[in-house]
Amino acid sequence: MHVTDQDMAALVAGRVLDVPDFPQPGIVFKDLMPLFADGPAFRQVVDGIVAHHGPDSFDVVAGIEARGFVVAAAIAYATGAGVVPIRKAGKLPRAAYSASYSLEYGEATLEVHQDAFMTGQRVLLVDDVLATGGTAGAALDLIVQANGSVAGFSVLLELGFLEGRKRVAPREVHAVLTV
Ligand code: AMP
(Lines give C-alpha, C1' and ligand atoms only; values in the text may rest on other atoms or scores of the structure.)
Protein backbone atom coordinates (compact mmCIF):
# COMPACT_ATOMS: atom_id res chain seq x y z
CA MET A 1 0.00 0.00 0.00
CA HIS A 2 1.30 3.44 -0.90
CA VAL A 3 1.61 5.68 2.14
CA THR A 4 1.38 9.40 1.37
CA ASP A 5 3.30 12.15 3.17
CA GLN A 6 0.00 13.13 4.78
CA ASP A 7 -0.57 9.56 6.02
CA MET A 8 2.94 9.52 7.49
CA ALA A 9 2.41 12.85 9.24
CA ALA A 10 -0.86 11.56 10.69
CA LEU A 11 0.85 8.41 11.98
CA VAL A 12 3.30 10.57 13.92
CA ALA A 13 0.70 13.16 14.99
CA GLY A 14 -1.46 10.44 16.52
CA ARG A 15 1.44 8.89 18.45
CA VAL A 16 3.22 11.79 20.12
CA LEU A 17 2.54 12.92 23.66
CA ASP A 18 3.15 16.46 24.88
CA VAL A 19 4.83 16.48 28.29
CA PRO A 20 4.73 19.99 29.77
CA ASP A 21 7.67 21.27 31.80
CA PHE A 22 10.05 18.40 30.97
CA PRO A 23 13.01 18.33 31.39
CA GLN A 24 12.61 21.84 32.77
CA PRO A 25 9.88 24.47 33.24
CA GLY A 26 8.67 26.04 30.01
CA ILE A 27 9.70 23.17 27.72
CA VAL A 28 7.01 21.00 26.16
CA PHE A 29 8.71 17.67 25.60
CA LYS A 30 7.52 15.77 22.52
CA ASP A 31 7.49 12.13 23.59
CA LEU A 32 7.53 9.77 20.59
CA MET A 33 7.58 6.54 22.60
CA PRO A 34 3.98 5.76 21.54
CA LEU A 35 5.11 5.74 17.89
CA PHE A 36 8.08 3.50 18.67
CA ALA A 37 5.77 1.16 20.60
CA ASP A 38 3.28 0.79 17.72
CA GLY A 39 4.92 -1.77 15.44
CA PRO A 40 2.85 -1.33 12.25
CA ALA A 41 2.86 2.49 12.50
CA PHE A 42 6.59 2.66 13.24
CA ARG A 43 7.33 0.37 10.31
CA GLN A 44 5.27 2.54 7.94
CA VAL A 45 7.07 5.67 9.07
CA VAL A 46 10.49 4.02 8.74
CA ASP A 47 9.60 2.72 5.26
CA GLY A 48 8.34 6.18 4.34
CA ILE A 49 11.62 7.82 5.35
CA VAL A 50 13.51 5.26 3.28
CA ALA A 51 11.21 5.90 0.30
CA HIS A 52 11.65 9.67 0.64
CA HIS A 53 15.43 9.45 0.26
CA GLY A 54 15.56 6.29 -1.85
CA PRO A 55 16.95 3.02 -0.48
CA ASP A 56 20.10 3.27 -2.60
CA SER A 57 20.91 6.89 -1.70
CA PHE A 58 22.91 6.13 1.47
CA ASP A 59 25.43 3.57 2.70
CA VAL A 60 25.13 4.09 6.43
CA VAL A 61 22.63 5.61 8.86
CA ALA A 62 23.84 7.88 11.65
CA GLY A 63 21.56 8.24 14.68
CA ILE A 64 21.81 10.88 17.40
CA GLU A 65 21.77 9.58 21.00
CA ALA A 66 19.47 8.29 22.24
CA ARG A 67 16.11 8.33 20.47
CA GLY A 68 17.81 8.76 17.11
CA PHE A 69 19.36 5.31 17.63
CA VAL A 70 15.90 3.72 17.53
CA VAL A 71 15.12 5.29 14.16
CA ALA A 72 18.59 4.70 12.74
CA ALA A 73 18.67 1.02 13.61
CA ALA A 74 15.25 0.43 12.07
CA ILE A 75 16.20 2.18 8.81
CA ALA A 76 19.50 0.32 8.71
CA TYR A 77 17.82 -3.05 9.12
CA ALA A 78 15.17 -2.21 6.53
CA THR A 79 17.79 -1.32 3.92
CA GLY A 80 20.82 -3.42 4.80
CA ALA A 81 22.83 -0.30 5.65
CA GLY A 82 25.06 0.01 8.71
CA VAL A 83 24.52 2.21 11.77
CA VAL A 84 26.89 4.80 13.23
CA PRO A 85 25.98 6.19 16.66
CA ILE A 86 26.59 9.89 17.27
CA ARG A 87 26.94 9.99 21.03
CA LYS A 88 26.94 12.39 23.93
CA ALA A 89 30.34 13.38 25.34
CA GLY A 90 32.47 10.73 27.01
CA LYS A 91 30.57 7.64 25.85
CA LEU A 92 32.67 6.52 22.89
CA PRO A 93 35.58 4.22 23.76
CA ARG A 94 38.03 5.26 21.01
CA ALA A 95 39.42 8.46 19.46
CA ALA A 96 36.50 10.75 18.62
CA TYR A 97 35.73 14.13 17.11
CA SER A 98 33.66 16.49 19.31
CA ALA A 99 31.23 19.29 18.52
CA SER A 100 29.63 21.53 21.18
CA TYR A 101 26.40 23.47 20.68
CA SER A 102 23.49 25.09 22.52
CA LEU A 103 20.04 23.51 22.54
CA GLU A 104 16.51 24.39 23.63
CA TYR A 105 17.36 23.43 27.18
CA GLY A 106 21.08 23.85 27.88
CA GLU A 107 24.46 23.05 26.35
CA ALA A 108 25.72 19.78 24.97
CA THR A 109 28.57 18.05 23.17
CA LEU A 110 28.26 15.29 20.59
CA GLU A 111 30.99 12.91 19.46
CA VAL A 112 31.65 10.44 16.67
CA HIS A 113 34.50 7.98 16.28
CA GLN A 114 37.21 9.37 14.04
CA ASP A 115 37.12 6.22 11.91
CA ALA A 116 33.30 5.97 11.83
CA PHE A 117 33.04 6.46 8.05
CA MET A 118 35.02 5.43 5.02
CA THR A 119 35.96 8.51 3.01
CA GLY A 120 33.00 9.61 0.93
CA GLN A 121 30.61 7.12 2.46
CA ARG A 122 27.05 8.42 2.05
CA VAL A 123 25.45 9.06 5.43
CA LEU A 124 21.75 9.48 6.21
CA LEU A 125 21.36 11.33 9.53
CA VAL A 126 18.24 10.76 11.63
CA ASP A 127 16.84 11.97 14.93
CA ASP A 128 13.47 12.09 16.66
CA VAL A 129 12.89 15.84 17.07
CA LEU A 130 14.33 18.94 15.38
CA ALA A 131 14.03 21.85 17.82
CA THR A 132 16.55 24.72 17.55
CA GLY A 133 18.73 22.72 15.15
CA GLY A 134 21.88 22.89 17.27
CA THR A 135 22.05 19.15 17.72
CA ALA A 136 21.54 18.43 14.04
CA GLY A 137 24.02 21.10 13.01
CA ALA A 138 26.69 19.61 15.28
CA ALA A 139 25.96 16.08 14.05
CA LEU A 140 26.18 17.15 10.41
CA ASP A 141 29.50 18.90 11.12
CA LEU A 142 30.81 15.73 12.76
CA ILE A 143 29.85 13.59 9.76
CA VAL A 144 31.78 15.93 7.47
CA GLN A 145 34.73 16.10 9.88
CA ALA A 146 34.87 12.28 9.91
CA ASN A 147 34.99 12.25 6.08
CA GLY A 148 31.41 11.16 5.53
CA SER A 149 29.24 12.60 2.79
CA VAL A 150 25.82 13.76 4.01
CA ALA A 151 23.15 12.03 1.91
CA GLY A 152 20.15 13.41 3.81
CA PHE A 153 18.68 14.30 7.16
CA SER A 154 15.30 13.18 8.51
CA VAL A 155 13.45 13.79 11.73
CA LEU A 156 10.12 12.41 12.85
CA LEU A 157 8.96 15.74 14.24
CA GLU A 158 10.02 19.34 13.59
CA LEU A 159 9.12 22.18 15.94
CA GLY A 160 8.70 24.78 13.21
CA PHE A 161 8.49 27.80 15.50
CA LEU A 162 12.07 27.22 16.72
CA GLU A 163 13.34 27.57 13.15
CA GLY A 164 15.89 24.75 13.40
CA ARG A 165 15.83 24.53 9.62
CA LYS A 166 17.58 27.89 9.40
CA ARG A 167 20.42 26.64 11.59
CA VAL A 168 20.85 23.55 9.42
CA ALA A 169 20.64 25.47 6.11
CA PRO A 170 21.71 25.11 3.36
CA ARG A 171 21.28 21.42 4.11
CA GLU A 172 17.74 20.16 3.65
CA VAL A 173 15.59 18.83 6.45
CA HIS A 174 13.03 16.09 5.83
CA ALA A 175 10.49 16.20 8.65
CA VAL A 176 7.74 13.58 8.70
CA LEU A 177 5.60 15.99 10.73
CA THR A 178 6.05 19.72 11.35
CA VAL A 179 4.13 21.42 14.15
P1 AMP B 1 17.84 21.05 19.15
O2 AMP B 1 19.32 20.94 19.17
O3 AMP B 1 17.34 22.25 19.90
O4 AMP B 1 17.29 20.96 17.75
O5 AMP B 1 17.28 19.82 19.96
C6 AMP B 1 17.12 18.60 19.33
C7 AMP B 1 17.53 17.47 20.23
O8 AMP B 1 17.06 17.62 21.55
C9 AMP B 1 16.96 16.18 19.71
O10 AMP B 1 17.93 15.16 19.89
C11 AMP B 1 15.73 15.96 20.55
O12 AMP B 1 15.63 14.62 20.93
C13 AMP B 1 15.91 16.84 21.77
N14 AMP B 1 14.81 17.79 21.99
C15 AMP B 1 14.91 19.14 21.99
N16 AMP B 1 13.75 19.72 22.27
C17 AMP B 1 12.86 18.71 22.42
C18 AMP B 1 11.46 18.66 22.71
N19 AMP B 1 10.73 19.77 22.90
N20 AMP B 1 10.88 17.45 22.78
C21 AMP B 1 11.61 16.32 22.59
N22 AMP B 1 12.92 16.30 22.31
C23 AMP B 1 13.55 17.48 22.23
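Residues numbered from 1 in each chain as written. Predicted model: local features only at pLDDT ≥ 70, side-chain atom pairs only at ≥ 80, totals over all residues. Heavy atoms only, no water.

As annotated in an unreviewed UniProt entry, the chain carries the name Adenine phosphoribosyltransferase and is attributed to Mangrovihabitans endophyticus. The chain has a UniProt comment under Subunit (unreviewed entry) that states "Homodimer." Quoted verbatim from the Sequence similarities (unreviewed entry) field of UniProt, the annotation for the chain is "Belongs to the purine/pyrimidine phosphoribosyltransferase family." (UniProt positions renumbered as here; feature names shortened; annotations may be inferred.)

**Student:** Explanation requested: the sheet that holds strand β4 (residues 82-88) in the structure shown.
**Tutor:** Adjacent strands of a sheet form backbone hydrogen bonds with each other and so pair up, either parallel or antiparallel. Strand order in the open sheet formed by seven strands is β5-β6-β4-β3-β7-β8-β9, and the pairing between neighbours is mixed. The open sheet is flanked by β5 (96-103) and β9 (174-178), the only strands paired with a single partner. Taken over all neighbouring pairs, the strand axes of this sheet differ in orientation by 20° on average, direction set aside. Bridge count for β5 against strand β6 (residues 106-113) is eight bridges, and the pairing is antiparallel. Within β6, the residue paired with Ser98 across the bridge is Glu111. Contacts from helix α1 (residues 5-13) reach β8 (149-158) and β9 within the one sheet, and its direction differs from that of β9 by about 60°. Against the sheet, helix α4 (residues 67-79) touches β3 (60-64), β4, β7 (122-130) and β8, its axis set at about 165° to β3. (Pairing = 2+ DSSP bridges. Helix = DSSP H or I, 4+ residues; strand = E, 2+ residues; numbered from the N terminus. Axes fitted to C-alpha atoms, helices over the stretch in contact; angles between N-to-C directions. Contact = heavy atoms within 4.5 Å.)

**Student:** Which parts of the structure should I look at to understand helix α3 (residues 39-53)?
**Tutor:** Helical periodicity: at 3.6 residues per turn, an α-helix aligns residues three or four positions apart in one direction. Helix length check: α3 (15 residues) gives 22 Å between terminal C-alpha atoms against 21 Å at 1.5 Å per residue, within 8%. Listed in full, the buried residues belonging to α3 are Ala41, Phe42, Val45, Val46, Gly48, Ile49, Val50 and His53. Of the surrounding elements, those touching the buried residues of α3 are α1, α2 (33-37), α4, β7, β8 and β9. With its phi angle positive at about 95°, Gly54 sits one or two positions after the end of α3. (Expected span 1.5 Å × (residues − 1). Buried < 20%, exposed > 50% of the residue type's maximum accessible area, 1.4 Å probe, protein only.)

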